[in-house]
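Examination of the molecular architecture
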Amino acid sequence: MAKTTAQDSAVAARGFAARLPRVRRSDAPLFAWLMVLPAVAVLLAVTVYPLIYSLRESFYRLELSFSPVAHWVGVQNYVDAFTKDPRFWPAMGRSFYLVGFGVLIELVLGFGLALVLNRLGRTRTLVTALLLVPVMIAPVAVAIEGVVIFNNSWGPLNYLLSQIGISGPVWLGDRSVALNSILLADVWQWTPFVAIILAAGLRTLPEDQYEAAAVDGATRLQLFRTMTLPLLQPLIIVTVLIRAMDIFKTFDTIYVMTGGGPGSATETASFYTYLQGLQFFSFGYAAAISYIQLIVITVIASILVRRMRKGLG
C-alpha cells in the first residue's frame, strides 16, 4: 500500500512538472537578467547615481548659505582645493599620518598577536572570540569610551600614569597629542581584526617546508624573513589595503572625541569634507574635495594591488 502511494506521488509530480512552462535555451540570458534586475536597480540607485550626481555637482559652485542657485565653474573647485584652500592639504596630511602610523602599528601588533594565537591550543577559540569584542563595538561607542579614558581630569589613563610618577597630558585638548589619541583608539579597536586575519593565514602555511628548513639549520628569524613574510605577502597587502581605506575615511571617532579640535588639530580630509558640505553648506566644493580623496585612495589601492599581483606572479 505504501509503495503504491509513493508511485502515485511520483507520477503526480512528473505530471505537474510537465505542465510547467519551460524556458527555452535562447531565453536563458533574458531570464537571468530578469532575476538580477532588482539587485542591479538597487545598486544603481544607492551607488552609481549618487556617484554620478556628486561628480556633476563638483563642477558647480553651490553655496547654500548665500544662494540656492548653482553656478557652473568647471574645474575651479579642484583648482581652489589645490592652490587656495589653506586647510585642505593639512587635513590630507593628517589623514596620511593616521593611515601610515595606524596601519604600521596595527600590522606589527597584529602579527605578534597572530603568532601567539598560532601557538595556542584548546584556548585558541576562546581567545579569538575575546579579540573580536573590540571589532564588534560600534566606532561611536569606542569614541565615547575614548572620551572617558583620555579625560585629563578623571580619566583612568592619567590616573594610572600618576601612580608611576608621570603627569599625563591633556590628551584631547592638546594640539600635539590629540591626533595621537584618535590613533590609539583606532589601534585598540582594529588590531585584533588584523591579528585574526594573519593568524588564519599562518595556519595555512605548509609545515613540511618549515620542518625541512629547520633541519637545514635555519633560525626562527630566518624562517620568518625568508618564508613567512613572502608566503603571507598577498594576505598582508589585502589587510593593509582594507585598513588604509578604512582609516583614511575615519569620521565618527573624530566627531565624537574631538570634533576636529582643538582648533583644527584632528581635522582630517573626511572630516573637512563634512565641514564644507554640512556645516558651511558648500556642496560643490565638498563634492570636489571628496573626489580628490577618491582619486588618492584609488591610486594607493592600485599600487598595492599591482604589488600583490607581482608577488603572486
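Conventions used here
Residues numbered from 1 in each chain as written. Predicted model: local features only at pLDDT ≥ 70, side-chain atom pairs only at ≥ 80, totals over all residues. Heavy atoms only, no water. Helix = DSSP H or I, 4+ residues; strand = E, 2+ residues; numbered from the N terminus. Buried < 20%, exposed > 50% of the residue type's maximum accessible area, 1.4 Å probe, protein only. Polar contact = N/O pair within 3.5 Å; in protein donor to acceptor, adjacent residues only side chain to side chain. Salt bridge = Lys/Arg side-chain N within 4 Å of Asp/Glu carboxyl O. Core = buried A, V, L, I, M, F, W, Y, C linked by side-chain atoms within 4.5 Å. Contact = heavy atoms within 4.5 Å. Phe/Tyr/Trp six-rings, centres within 6.5 Å; stacked < 30°, edge-to-face > 60°.

Turning our eyes to something else, we now look at the environment of Glu63. Structurally, Glu63 can be placed in the loop between strand S1 (60-61) and strand S2 (71-72). A residue is classified by how much of its surface remains accessible, and Glu63, at 24% relative accessible area, is partly exposed. Each C-alpha atom of the pair Glu63 and Tyr274 lies 14 Å from the other, and the pair is 211 residues apart in sequence. Of note is the side chain of Glu63, whose polar atom sits 3.0 Å from the side chain of Ser282.

We now examine unusual backbone geometry. Pro262 follows Gly261 through a cis peptide bond whose omega is -5 degrees. One can find Pro262 in the loop between helix H11 (252-257) and helix H12 (269-279). Phi at Phe281 is positive, roughly 55 degrees, even though this residue is not glycine. Relative to the helices and strands, Phe281 resides in the loop between H12 and helix H13 (283-312). According to the relative accessible area criterion, Phe281 is partly exposed, its value standing at 33%.

What follows deals with the pattern of salt bridges. All chains considered together, the criterion is met by 8 salt bridges. A salt bridge links Asp80 to Arg61; the nearest nitrogen and oxygen atoms lie 3.0 Å apart. Note that Asp80 is positioned in helix H3 (residues 76-83) and Arg61 in strand S1, a separation of 19 residues in sequence. With relative accessibility at 26%, the residue Arg61 sits in the partly exposed group. Note that Arg87 and Glu267 form a salt bridge whose closest N and O atoms lie 2.5 Å from each other. Taken as a pair, Arg87 in the loop between H3 and helix H4 (88-119) and Glu267 in the loop between H11 and H12 lie far apart in primary sequence, 180 residues in all.

In this section: the nonpolar core. Ranked by internal contacts, the top residues of the largest apolar core, which has 57 residues, are Phe88, Leu198, Ile236, Met257 and Tyr272. What Phe88 contacts, discounting residues up to four positions off in sequence, is Ala81, Tyr272, Tyr285, Ile289 and Ile292.

With that settled, consider the side chain of Glu57. Along the chain, the position of Glu57 falls in helix H2 (residues 28-57). On the basis of relative accessibility, which here comes to 10%, the residue Glu57 falls in the buried class.

Here the focus is the side chain of Thr273. Within the secondary structure, Thr273 is located in helix H12. By relative accessible area, Thr273 is classed as buried at 16%. Here Gln293 takes part through its side chain, which lies 2.6 Å from a polar atom of the side chain of Thr273. Excluding residues within four positions of it along the chain, Thr273 makes contact with Ala286, Ile289, Ser290 and Gln293.

With that out of the way, let us pick up the packing of aromatic side chains. All chains considered together, the criterion is met by 17 aromatic pairs. Residues Phe150 and Trp171 carry aromatic rings whose centres are separated by 5.4 Å and whose planes lie at 50 degrees to one another, so their mutual orientation is tilted. Within this pair, whereas Phe150 is found in the loop between helix H6 (139-149) and helix H7 (156-163), its partner Trp171 is found in the loop between H7 and helix H8 (178-202), the two being separated by 21 residues in sequence. With respect to burial, Phe150 and Trp171 carry one shared label: buried. Among the aromatic residues, those joined into a ring-pair cluster are Phe59, Tyr60, Trp72 and Tyr78.

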